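# Inside the fold
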Amino acid sequence: MQAVSRSILRSACRSTRPSLAVLRQNHTEANPRQAESSSGPRTTHFGFKTVPEESKESLVKNVFNSVASSYDVMNDAMSMGVHRLWKDDFVSSLKPGRKGPMKCIDLAGGTGDVALRILDHARENYADRETTVDVVDINAEMLKEGYKRFKKTMYHNTPQIAFIESNAQALEQFPSDTYDLYTIAFGIRNCTSIPDVLKEAYRVLKPGGTFACLEFSKVNNPLLNMLYDQYSFSVIPIMGTILAGDRESYQYLVESIRRFPSQPDFAKMIQDAGFATGGNFEGKGGAWRDLWGGIACIHTGVKV
Ligand SMILES: C[S@@+](CC[C@H](N)C(=O)[O-])C[C@H]1O[C@@H](n2cnc3c(N)ncnc32)[C@H](O)[C@@H]1O
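Because the structure is a prediction, the values reported are computed rather than measured.

### Re the overall build of the chain
The helix and strand inventory of the chain stands at 10 helices and 10 strands. Counting all 304 residues of the chain, 42% fall into the buried class. A separation threshold of at least 6 residues defines the contact pool for the chain, and within that pool the share at least 24 residues apart is 74%.

If you want it as structure tokens, here you go:
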């Protein structure tokens, strides 16, 4: 599977691209992780389960291997299409192409939802056919679905799009100070070390470049929170069983949302990585913007 996907991915890469390398996770610091003690190895969370931290990456890979072919259909079913509105909002708020062509990297880019929106936005609003997006994901199956999808678009076989298999926590194959825009949508909560993801985001962005994250977050209204919990824990795993034949993966997705840091805690992590956020950078707005009462949230930061 690895060999097949790699050859497919290579055909989409620009000629200047460094050779593909499947990077293994090798970082050790993470916010939710528990320090190693004499009683055993370091642990982290996988949904509501506690697992040895070295196994989380392969567990997450299994989830997305399992859901890749049904991912887009399930996304629409689970969110009743709302994820499309959030992604539209996310991308249009970033205005890719407004100041001229941009070099973008979309981490945990999966099937290319955000990348397609970036390219469409730049083309439709600014007649920009030079903005590029590198779609990067740890999972070759998800990238394969994205590649298939882009085959049907005008961007296929152009320098505007590339699919690259890599770990958001270890982007060694990408040079520093390279990108104008780094996006990550519904991906960072699946990573073992959020600080390592942010550190790498900061490194690969050019000074002045923007980090933008769309992620599920904390619902502030207690009534909405109760309804949302009911829906998430009762309906989504059943949909996973019926539509994708996979209850466990969808149970994990719901649990992983609940384990993600709150809006202020995540904003603090972004600032700790060196980014300037909203309130402290040229009046660019708040550090985050809630969507649908905090069901999802957009965080942005600027590399200073
Ligand atoms: C819920 S999907 C989101 C896909 C896409 N961004 C979207 O919004 O539709 C999460 C993605 O994160 C990827 N992922 C998980 N851990 C990763 C890591 N450490 N590095 C890169 N990608 C990762 C998964 O393979 C999966 O494609």
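Don't stop here, the text continues.
### Considerations on the site of the ligand
Contacts to the ligand come from 21 residues, most closely from Ala108, Gly110, Ile138, Asn139 and Ala168. Mapped by element, the contributors of at least two residues to the shell around the ligand are helix H2 (53-67) and helix H5 (113-126).

### Focus: helix H10 (residues 263-272)
All of the buried residues along H10 are Gln263, Phe266, Ala267 and Ile270. Buried residues of H10 fall within an arc of 105° about the axis and therefore sit on the same side. Exposed residues on H10 whose side chains face more than 90 degrees from its buried face are Pro264, Asp265 and Asp272. On its buried side, H10 packs onto helix H7 (194-204), strand E7 (205-216), strand E8 (275-276), strand E9 (288-291) and strand E10 (296-303). Just beyond H10, the residue with positive phi is Gly274, at close to 115°.

### Examining the packing of helix H4 (residues 82-94) against H5
Running from N to C, H4 and H5 point in directions that differ by 50°, and their axes come no closer than 9 Å. With respect to each other, H4 and H5 are oriented oblique. Two packed elements cross with a definite hand, and for H4 against H5 that hand is right-handed. Of the residues in H5, those touching H4 at Lys87, Asp88, Val91 and Ser92 are Asp113, Val114, Arg117, Ile118 and His121. When the residues that make up the contact of H4 with H5 are grouped by side-chain class, the tally is three nonpolar, two polar and four charged.

### Re the environment of Ile184
One can find Ile184 in strand E6 (residues 179-185). Residue class for Ile184 comes out buried when judged on the 25 C-beta atoms lying within 10 Å of it. Once residues lying within four places of it in the same chain are set aside, the contact partners of Ile184 are Leu107, Ala108, Ala168 and Cys213.

### Regarding helix H9 (residues 247-259)
Spanning 13 residues, H9 covers 19 Å between terminal C-alpha atoms, matching the ideal 18 Å at 1.5 Å per step. All buried positions along H9 are accounted for by Ser249, Tyr250, Tyr252, Leu253, Val254 and Ile257. The elements touched by buried residues of H9 are strand E1 (43-46), H2, E7 and helix H8 (222-244).

### Topic: the pairing of E10
Across the eight residues of E10, seven count as buried, placing the element largely inside the fold. Pairing of E7 with E10 involves seven bridges; the strand directions are antiparallel. Looking at the pairing, Cys213 lines up with His299 of E10. As judged from the two bridges shared by E8 and E10, these two strands associate in the antiparallel manner. Bridged to Phe275 within E10 is Lys303.

### What to know about the pairing of E9
Relative to E10, E9 runs antiparallel, the two being bridged by four bridges. Pairing of Trp288 across the sheet is with His299, part of E10. Counting the residues in the hairpin turn of E9 and E10 gives four residues, including Trp292, whose phi is positive at 50°.

### Digging into unusual backbone geometry
With a phi close to 50°, Ala108 is a non-glycine residue in the positive phi region. Mapping Ala108 onto the fold places it in the loop between strand E3 (103-107) and H5. Judged by local crowding, Ala108 falls into the buried class, with 25 C-beta atoms found within 10 Å. Within the chain, Trp292 stands out as a residue other than glycine whose phi angle is a positive 50°. By the secondary structure assignment, Trp292 is in the loop between E9 and E10.

### Some remarks on the packing of H8 against H9
Orientation of H8 relative to H9, taken along the N-to-C sense of each, is 145°, at an axis distance of 7 Å. In terms of crossing hand, the pair formed by H8 and H9 is right-handed. Residues Ser232, Phe233, Ile236, Pro237, Met239, Gly240 and Thr241 of H8 lie in contact with H9, whose contacting residues are Arg247, Ser249, Tyr250, Gln251 and Val254. The residue makeup of the contact of H8 with H9, split by class, is six nonpolar, five polar and one charged.

### Thoughts on the confidence of the model for the chain
Per-residue confidence for the chain gives a mean pLDDT of 85, with 85% of residues at or over 70. Low pLDDT (under 50) marks residues 1-37, which in the prediction has 67 contacts with non-local residues, meaning those over four places away or in another chain. Between residues 280-284, whose pLDDT stays under 50, and residues either more than four places distant or in other chains, the model counts four contacts.

Criteria and cut-off values
- Residues numbered from 1 in each chain as written.
- Predicted model: local features only at pLDDT ≥ 70, side-chain atom pairs only at ≥ 80, totals over all residues.
- Helix = DSSP H or I, 4+ residues; strand = E, 2+ residues; numbered from the N terminus.
- Buried ≥ 20, exposed ≤ 12 C-beta atoms within 10 Å, placed from the backbone.
- Contact = placed C-beta atoms within 7 Å.
- Near = placed C-beta within 6 Å.
- Arc of directions from axis to C-beta.
- Axes fitted to C-alpha atoms, helices over the stretch in contact; angles between N-to-C directions.
- Parallel < 35°, antiparallel > 145°, perpendicular 65-115°, else oblique.
- Left-handed = near helix turned anticlockwise from the far one by under 90°.
- Nonpolar A, V, L, I, M, F, W, Y, C, P; charged D, E, K, R; others polar.
- Expected span 1.5 Å × (residues − 1).
- Pairing = 2+ DSSP bridges.
- pLDDT = per-residue confidence, 0-100.

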